[in-house]
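Topology and contacts: notes
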Amino acid sequence: MYICFGIWLFLLVLHTLAPAVVAWKERRNVLFIMADDLRTSLGCYGDAVAQTPNIDQLASRSQVFLNAYAQQAVCAPSRTSMLTSRRPDTTRLYDFNSYWRSHSGNYTTLPQYFKSKGYHTMSVGKVFHPGIASNHSDDYPYSWSTPAYHPASFRYEKEKVCKGEDGKLHANLLCAVSVAEQPGGTLPDMESTDEAVRLLESRADDDVPFFLAVGFHKPHIPFRIPQEYLSLYPIGEMTLAPDTDVPTLLPPVAYNPWTDVRLRDDVQKRNISFPYGPIPKDFQLRIRQHYYAAVSYVDAQVGRLLDALDRLRLADSTVVVFCSDHGWSLGEHGEWAKYSNFDVSTRVPLIFYVPWVTTKNNWLENSTFPFIDVVTQLERRAKNVNVIRKVVELVSVFPTLCYLAGLKAPKPCPDISFQEELCTEGENMAYTFQHQEQRQSEEAVAFSQYPRPSDTPQVNSDLPDLKDIKIMGYSLRSWDYRYTLWLGFNPETFQVNVSDVHAGELYMLADDPGQDKNIYSDSDHRVMMGKMASLPWTASVQMRMRMQLPYLSAGRKTRSGKV
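What you are looking at is a predicted structure, and each value in this text was computed from that prediction instead of being measured. All residue numbers here refer to positions counted from 1 along the written sequence of the relevant chain. Only residues with pLDDT of at least 70 get local features here, since the model is predicted, and only at 80 or more are side-chain atom pairs given and counted; chain-wide, interface and lining totals rely on the full set of residues. Values reported for side chains reflect all heavy atoms of the structure, with hydrogen atoms and water molecules removed beforehand.

**Observations regarding the state of the cysteines**
By definition, a disulfide links the sulfur atoms of two cysteines through a covalent bond. In plain terms, two cysteine sulfur atoms within 2.5 Å form what is called a disulfide here. Per the counting criterion, the structure on display carries two disulfides. Between the sulfur atoms of C413 and its disulfide partner C423 the distance amounts to 2.0 Å. Taking the torsion about the S-S bond as the criterion, the C413 to C423 disulfide, at about 90 degrees, is right-handed. Note that C413 is positioned in the loop between α12 (397–405) and β14 (446–452) and C423 in the loop between α12 and β14, a separation of 10 residues in sequence. Residues C413 and C423 agree in their burial class; the two are buried. For the protein, the disulfide bridges join cysteines in the arrangement 1-2, 3-4, where the cysteines are counted in sequence order. Note on C323: no disulfide assigned, nearest cysteine sulfur contributed by C75 at a separation of 13 Å. Partly exposed describes any residue whose relative accessible area lies between the buried limit of under 20% and the exposed limit of over 50%, with all areas from a 1.4 Å probe on protein chains only and scaled to the type maximum. On the accessibility criterion, C323 (0% relative accessible area) is buried. The thiol of C402 is not disulfide-bonded; the next cysteine sulfur, from C423, is found 12 Å away. Only DSSP runs of H or I with at least four residues qualify as helices, and only runs of E with at least two residues qualify as strands; both kinds are numbered from the N terminus onward.

The following block contains the structure:
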């Protein structure tokens, strides 16, 4: 009897472990979920205010990258960079006004690569940035097997559909609505979820693997969301950002004047001075309330999508990625929106669920991702099991996802790669799924950048056209520092002048996690540049900044005494 039981137990363990062994070789389906303007305001990232039970539940069964950074904090450049695995200086897209295939190089995209390997690829909602940046086609037919789906109700996003305090309709920033009263009786992200579920149902019994990308529009402004989500965040319980003042030593070129926020009717009526404001504190609280409510609204859509994946028994054969294109400032440094190099604008959630790898499915459980209604169910917090604290970049999503899905990851790009159709400027992070992180990686860094038209804030500072870009802010984020240089830039040649330093920023994160105390010194920089004069002119900005940081940070100590 005991021998039989032992054999049964051995076979059961073998059956449980076998899928984990072959998971790296089998081709998996992919569900790629992207939110718009979502910072790490999620329960699974330690935000005590956010109520995001469905994303937290996903995170509890996934690997969570706690320090992931976008390469440029604005929609089109960031999405194009992530989906091609090339940095903005390679796509040469810093605004919304060019298509990389005709402007810089015929780079293969993430969904295009999966399509070339026999996957059926589908796009729902905002995945590529629509318009010129994706050739007015969401890069179809290169990236997608069928034309991309866009929700019909999105056409009303910038219309006067928000009921104001005067009872009239306005184009407001704050736009919590009764869905039944909206045109069509729905909202864009609800429509996108419906379509994504329909597509999952259509592929459930198909032998051809699928790549389904779903892009949610929220929490992008305006905050046109179902009004019931505001009840999760009573205004009396909301707090201001911890650092609402513009830092004294912040270079003017680094400041973004949040022009798109100013254009909304309810903001304009407050006659806020340009460029520094500030927004009245009572209105700041309401903006923060609406942003968090929009995040919970997105969480509900993610929950519906994952519940469908579960119901269709696809959770055991589908890799799920959840991420955002960039963050969004909620009053930190006296700033709002994206358009900067600070953590609040560049840091993003990045979550990978890999069946049998990040979790061992429990046959005693009825469901992997049961839907949690955040409005009606009691709040519950899932615990992260697999976390990576290493600093990583969104350009690394492409090679990592390929490997996890069972495909060969693209090779690293050469230093100059405009003629290379398929390569990656990121890193294959699959090794982090095989080995538990033992310590912080002090060598790992992330690069972001942001263009400016002038040294001081002006109307087009947030989103300058290519022809108007005069300065490029390159920012290096390491484990313990953020180092930014604002350098002269030629928009006709795409060349940066490393000796034309307009301003600099250096933040020691152990003492200054909010990045409010700039300790950059012009004199230290001049001395350091003298020591590095022998560097070849071909050395990239990224290589130079990697080498410069140890010089600039040498001898600096935190309050705790650590160097």
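**Re the pairing of strand β2 (residues 63–69)**
A regular strand places its side chains on the two faces of the sheet in alternate fashion. Extensive coverage of β2 is indicated by the burial of seven of its seven residues. Any two strands between which DSSP finds at least two bridges are classified as paired. Examined bridge by bridge, β2 and strand β12 (residues 347–353) share five bridges and lie antiparallel to one another. Paired with A68 across the strands is V348, a residue of β12. Strand direction decides the pairing type here: β2 and strand β13 (residues 386–393), joined by six bridges, are parallel. Of the residues in β13, the one forming a bridge with Q63 is N386.

**Some thoughts on the pattern of salt bridges**
The working definition used for a salt bridge is a side-chain nitrogen of Lys or Arg within 4 Å of a carboxyl oxygen of Asp or Glu. Enumeration over the complete set of coordinates arrives at 19 salt bridges. Ionic pairing is found between E195 and R198, a salt bridge with its closest N-O pair at 2.8 Å. Here the residue E195 and the residue R198 both occupy positions in helix α7 (residues 188–203), the gap between them amounting to three residues, near one helical turn. Among the ionic pairs, E201 bridges to R311, the shortest N-O distance being 3.1 Å. Residue E201 is found in helix α7, and its partner R311 is found in helix α10 (residues 281–311); the two are separated by 110 residues along the sequence. It is possible to trace a salt-bridge network through shared partners that takes in D36, R79, K126 and D325.

**Some points on the nonpolar core**
In terms of nonpolar packing, the biggest core is built from 87 residues, with L212, I287, F322 and W328 touching the most fellow members. Ranked by residue count, the leading element in this core is α10, at 15 residues. Residues are treated as being in contact if the distance between any of their heavy atoms lies within 4.5 Å. Other than its neighbours up to four places away in sequence, F322 contacts I33, A35, L38, L42, I55, L58, V302, P349, L350 and I351. Nonpolar core, defined: a set of buried Ala, Val, Leu, Ile, Met, Phe, Trp, Tyr and Cys residues in which side-chain atoms within 4.5 Å join the residues together. Among the nonpolar cores identified, the runner-up in size contains 40 residues, and F114, V127, C323 and L350 belong to it.

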